[in-house]
Amino acid sequence: MSETATPHSGEGNDVQRPFLDLGAFVEDLNVEEDGASEDISLEGLEEELEECKSDDVVANILSEGMKLREYTKGVENNLRQVELDSIQDYIKESDNLVSLHDQIRDCDMILSQMEALLSGFQTEIGSISSDIKILQEKSMDMGLKLKNRKVAESKLSKFVEDIIVPPRMIDIVVDGEVNEEYMRTLEILSKKLKFVEVDPMVKTSKALKDVQPELEKLRQKAVSKVFDFMVQKLYSLRKPKTNVQILQQNVLLKYKFIISFLKEHGKEVYVEVRAAYIDTMNKVLSAQFRAYIQALEKLQLDIATSSDLIGVETRSGGLFSRGREPLKNRSAVFALGERINILKEIEEPPLIPHIAEASSKKYPYEVLFRSLHKLLLDTASSEYLFCDNFFGEESIFYDIFAGPFAVIDEHFNLILPNSFDAIGLMLMIRIIHQHQLVMSRRRIPCLDSFLDKVNIALWPRFKMVFDLHLNSLRNANIRTLWEDDVHPHYVMRRYAEFTASLIHLNVEYGDGQLELNMERLRMAIDDLLVKLAKMFPKQKQQTVFLINNYDMTISVLKEAGPEGGKIQQHFEDLLKNNTAIFVEELLLEHFSDLIKFVKTRGSEDPSSGSERPITAAEVEPIVKDFASRWKGAIELMHNDVITSFSNFLCGMDILRAALTQLLLYYTRLSDSLKRIAGGTALNKDLVSISSIMYEIRKFSRTF
């Protein structure tokens, strides 16, 4: 093909391919092959040629105009040559082909042998699979039998183990000492007794008939022996100076299982042991609390009596004492002072009486109250936990503590009716509240009802004592209380300290009822103080007396803390009002003409056509009088303030207020001169405002 056909098309050939005329090609073919194609049908040839015109070879042939027969002959010659070449190649490779044939034959034989071998192996595997299946079935059957036998053996061995009574166990129960080994043996006996009682099949077994009498004998012997042992241990609690809690924790708890054994297998004996423990602990704890209370009573410091009230008069002695007992401790009756520290010592250990007595110390009752109840809290907590752990019954605690509760109630019922210390009572109320929080944190509810009962008893007593104080103010004898002295009255100081104490004790509690009672007390002291002030013959003295008392009260309330609230604000308002009154009185005493003129005519306008207009002659005496003695008057006012007020700072504040008010009055006088005809002629007599300011600052520097 490459030799006879020359291509006329390609990427680098610019010669156009001649037009392919299929019709001419067909005519030539018909002319050349007319003899041979007589028997051949050329129908459809044109369509086939049309389909092949895109073939490159056919296109080249047709474009060259080559005869088809010649081209065919050339192709046949080429094929014949290729065939001859192939035969020569085959002849050259004949040896290799023979060798390849032999190898293929050998492989075929090997594969035939392997096929036969695998067929035999498949047959053997089939037989082995059936054998394995049989073995699996036998194995499952044997496994099931083994499992059943193990279950039967386990049940049987457990039955034998649970029902048999070993000789060693009999020896320990009958003759052994109650110790740890005895406790372990007791557990085994308990399991055996439960086993024969619970399982209905065991009850019908013949083996039980042989063993049950022996088990019953062992039960009776064990119950009797542990009962004697526990009673002996319980009675050891009654020995004097025995530390009950240590004995409980270190001895009794080791034998906790004995109680469980008696509960399950000796109910009647358990009831006796339980009753013996309750009786023992009731007596032991009652005796301990009674002895502790008696020791505390020797340490008590009496604070107040029924006569130690806010509104009760007090005298230094002699005929004026009227037979009343003096205050046992004046500072502690109404003032809280260091007594508040008791609330910070809530968790401190109880007092040890003999140590306190050796140091000759005396304590207010709330200290003893806290110590007693702290001992109660610790003892009750320990006993409650022990009863719950040892007996598994909380109710035992209440049976035990019926005695200690009665001892404490008896003591409290003697103390409370004779308590007239309102501060101490409120402290005890707060102590009870703190102790309730302690028990709540411990999550031990055993004292809830007892502490509530104590709290309920304290509040009415506090209210009764508080009402005594209130009535002492309402029913006070003004004549016996009054003293010709403008300094703070002792009744007012008592009230201030008492109120500050209660406010301080109510800070974290916000008790509305207590606040209401303090408001009632405040109204009563207001009335009493006004009555006492009216006993002074002069208005100025009355005002000074009120100011001194209000100032003292505010100072005491502030010392107690920033919790004075409405009460402190009330007295501050009263102080402010009375200070204004005193300032006016003080200025009127020294500058009455000036103040009268400023208040009555200082604001008049001379040009308004008044019937009696202000004239320079009318004002001249006032101006000259002020100019001649204003410095001396201020000095007198200063001396008056110094001697009148017990609180220096309060007096200086009042003096400053008076001088400031004086400056305002004089300024108004100066302004009125400017509106008066001929008033400018008096300017030479006016004191300059700067001079007055200088004098005021001079007094200000002194304080």
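For every chain, the first residue of the written sequence is number 1, and numbering continues from 1 along that sequence. Totals for whole chains, interfaces and linings use all residues, but because this is a predicted model, local features are given only for residues with pLDDT of at least 70 and pairs of side-chain atoms are given and counted only at 80 or more. Computation of side-chain values covers all heavy atoms of the structure but excludes hydrogens and water.

**Overview of unusual backbone geometry**
Rules: Counting from the N terminus, the helices are the DSSP runs of H or I reaching at least four residues and the strands are the DSSP runs of E reaching at least two.
Non-glycine residue serine 360 carries a positive phi angle of around 60 degrees. Summarising the element assignment, serine 360 is placed in the loop between helix H14 (353-358) and helix H15 (365-390). Although it is not a glycine, arginine 443 adopts a positive phi angle of roughly 60 degrees. Counting through the fold element by element, arginine 443 comes out in the loop between helix H18 (422-442) and helix H19 (448-474).

**Re the side chain of histidine 638**
Filter applied, for reference: A contact between two residues is defined here by any heavy atoms of the two lying within 4.5 Å.
Here histidine 638 is to be found in helix H25 (residues 616-644). Among residues more than four places away in sequence, those in contact with histidine 638 are Met652, Leu655 and Phe699.

**A word on empty space enclosed by the protein**
Keep this limit in mind: Of the two site types, the cavity is a set of points on a 1 Å grid over the protein atoms alone where a 1.4 Å probe fits but cannot get out, and the pocket is an open set with protein on both sides within 12 Å along at least five of seven lines, each lined by residues with an atom within 4 Å of a point. Grid points are joined across faces, edges and corners, and a volume is the space filled by probe spheres set on the points. Classification convention: Asp, Glu, Lys, Arg as charged; Ala, Val, Leu, Ile, Met, Phe, Trp, Tyr, Cys, Pro as nonpolar; all other residues, Gly among them, as polar.
In this structure the tally under the stated criterion is one cavity of 30 Å³ or more. Reported here for the largest cavity is a volume of approximately 30 Å³. Around the largest cavity, the lining residues are Ile293, Leu296, Tyr365, Leu368, Phe369, Leu372 and His411. Among the residues making up the lining of the largest cavity, the classes are represented as six nonpolar, one polar and no charged.

**Comments concerning helix H22 (residues 512-533)**
Selection criterion: Here the expected length of a helix is defined as 1.5 Å per residue gap, with one fewer gap than residues. We call a residue buried when its accessible area falls under 20% of the maximum for its residue type, exposed when it is over 50%, and partly exposed in between, using a 1.4 Å probe and counting protein chains only.
Across its 22 residues, H22 extends 32 Å between first and last C-alpha, which sits within 8% of the 32 Å expected from 1.5 Å per residue. If you check which residues of H22 are buried, you get Leu514, Asn517, Met518, Leu521, Arg522, Ala524, Ile525, Asp526, Leu528, Leu529, Leu532 and Ala533. Each element contacted by the buried residues of H22 is listed here: H18, H19, helix H20 (478-481), helix H21 (490-505), helix H23 (539-559) and helix H24 (565-600).

**Brief notes about the nonpolar core**
Short version of the rule: By convention a nonpolar core is built from buried Ala, Val, Leu, Ile, Met, Phe, Trp, Tyr and Cys residues, the set being connected through side-chain atoms within 4.5 Å.
Core analysis: the biggest nonpolar cluster contains 176 residues, and Ile258, Tyr277, Leu447 and Leu458 have the highest contact counts within it. The element contributing the most residues to this core is helix H12 (residues 267-297), with 13 residues. Among all residues touching tyrosine 277, those that are not within four sequence positions of it are Leu234, Leu237, Gln248, Leu252, Glu383, Phe386, Cys387, Phe391, Ile396 and Ile400.

**Regarding a negative patch on the surface**
To keep it simple, the criterion reads: Each patch is built from residues that are more than 30% exposed by relative accessible area and take part in no salt bridge. Like charges join if they lie within 9 Å; nonpolar side chains (Val, Leu, Ile, Met, Phe, Trp, Tyr) join within 5 Å. The Shrake-Rupley method, run with a 1.4 Å probe, gives the accessible areas here. Residue values count only the displayed protein chains as cover. Salt bridges are identified by distance alone: a Lys or Arg side-chain nitrogen within 4 Å of an Asp or Glu carboxyl oxygen. When charges are counted, Lys and Arg contribute as positive and Asp and Glu as negative, whereas His and the chain ends are disregarded. To locate a charge, take NZ of a lysine, CZ of an arginine, CG of an aspartate or CD of a glutamate.
A surface patch of negative charge is lined by Asp85, Asp89, Glu93 and Asp95. Using a relative accessible area of 38% as the deciding quantity, one classes aspartate 85 as partly exposed.

**Details of the layout of surface pockets**
By volume, the largest pocket amounts to about 560 Å³. Around the largest pocket sit 22 residues that line it, and Gln288, Phe289, Tyr292, Leu375 and Thr379 are the ones nearest its centre. Looking at the lining of the largest pocket, the element that brings in the most residues is H12, giving seven residues. For the lining of the largest pocket, the residue count by class is twelve nonpolar, eight polar and two charged.

**A short note on the packing of aromatic side chains**
To keep it simple, the criterion reads: Here a pair means two rings of Phe, Tyr or Trp (six-membered ring of Trp) with centres within 6.5 Å. Their orientation is stacked below 30 degrees between planes, edge-to-face above 60, and tilted elsewhere. Geometrically, a charge over a ring is one whose NZ (Lys) or CZ (Arg) sits within 6 Å of the ring centre while staying within 35 degrees of the ring normal.
Enumeration over the complete set of coordinates arrives at 24 aromatic pairs. Between the aromatic rings of tryptophan 459 and phenylalanine 462, the centroid separation amounts to 5.9 Å while the plane-to-plane angle is 90 degrees, which identifies the pairing as edge-to-face. Of this pair, tryptophan 459 and phenylalanine 462 are both found in helix H19, three residues apart, which corresponds to roughly one turn of the helix. Judged by its relative accessible area of 1%, phenylalanine 462 is buried. Among the aromatic residues, those joined into a ring-pair cluster are Tyr384, Phe397, Tyr398, Phe401, Phe405 and Phe450. Seen from the ring of tyrosine 509, arginine 430 lies directly overhead, with NZ or CZ sitting 4.0 Å from the centre. Directly above the aromatic system of phenylalanine 420 lies the positively charged group of arginine 461, at a separation of 4.9 Å from the ring centroid.

**Thoughts on the pattern of salt bridges**
On inspection of all chains with the given rule, the structure shows 24 salt bridges. As a salt-bridge pair, arginine 274 and aspartate 399 come within 3.7 Å of each other at their nearest N and O atoms. With arginine 274 in helix H12 and aspartate 399 in helix H16 (residues 395-400), the pair connects residues that are 125 residues apart, well separated along the chain. Ionic pairing is found between lysine 624 and glutamate 620, a salt bridge with its closest N-O pair at 2.6 Å. A residue pair is termed a helical-turn pair when its members lie 3 or 4 positions apart in one helix, as lysine 624 and glutamate 620 do in helix H25 at four residues. Each of Lys263, Arg274, Glu393 and Asp399 takes part in one network of salt bridges that share partners.

**Brief notes about the confidence of the model for the protein chain**
The condition is simple: A score from 0 to 100, pLDDT tells how confident the predictor is in each residue.
In the predicted model, the protein chain carries a mean pLDDT of 81, and 81% of its residues have values of at least 70. Counting interchain partners and residues more than four positions distant, the pLDDT-below-50 stretch residues 1-22 has 23 contacts. This stretch, residues 316-328, has a pLDDT under 50; its non-local contacts, to residues over four places away or in other chains, come to 16 contacts.

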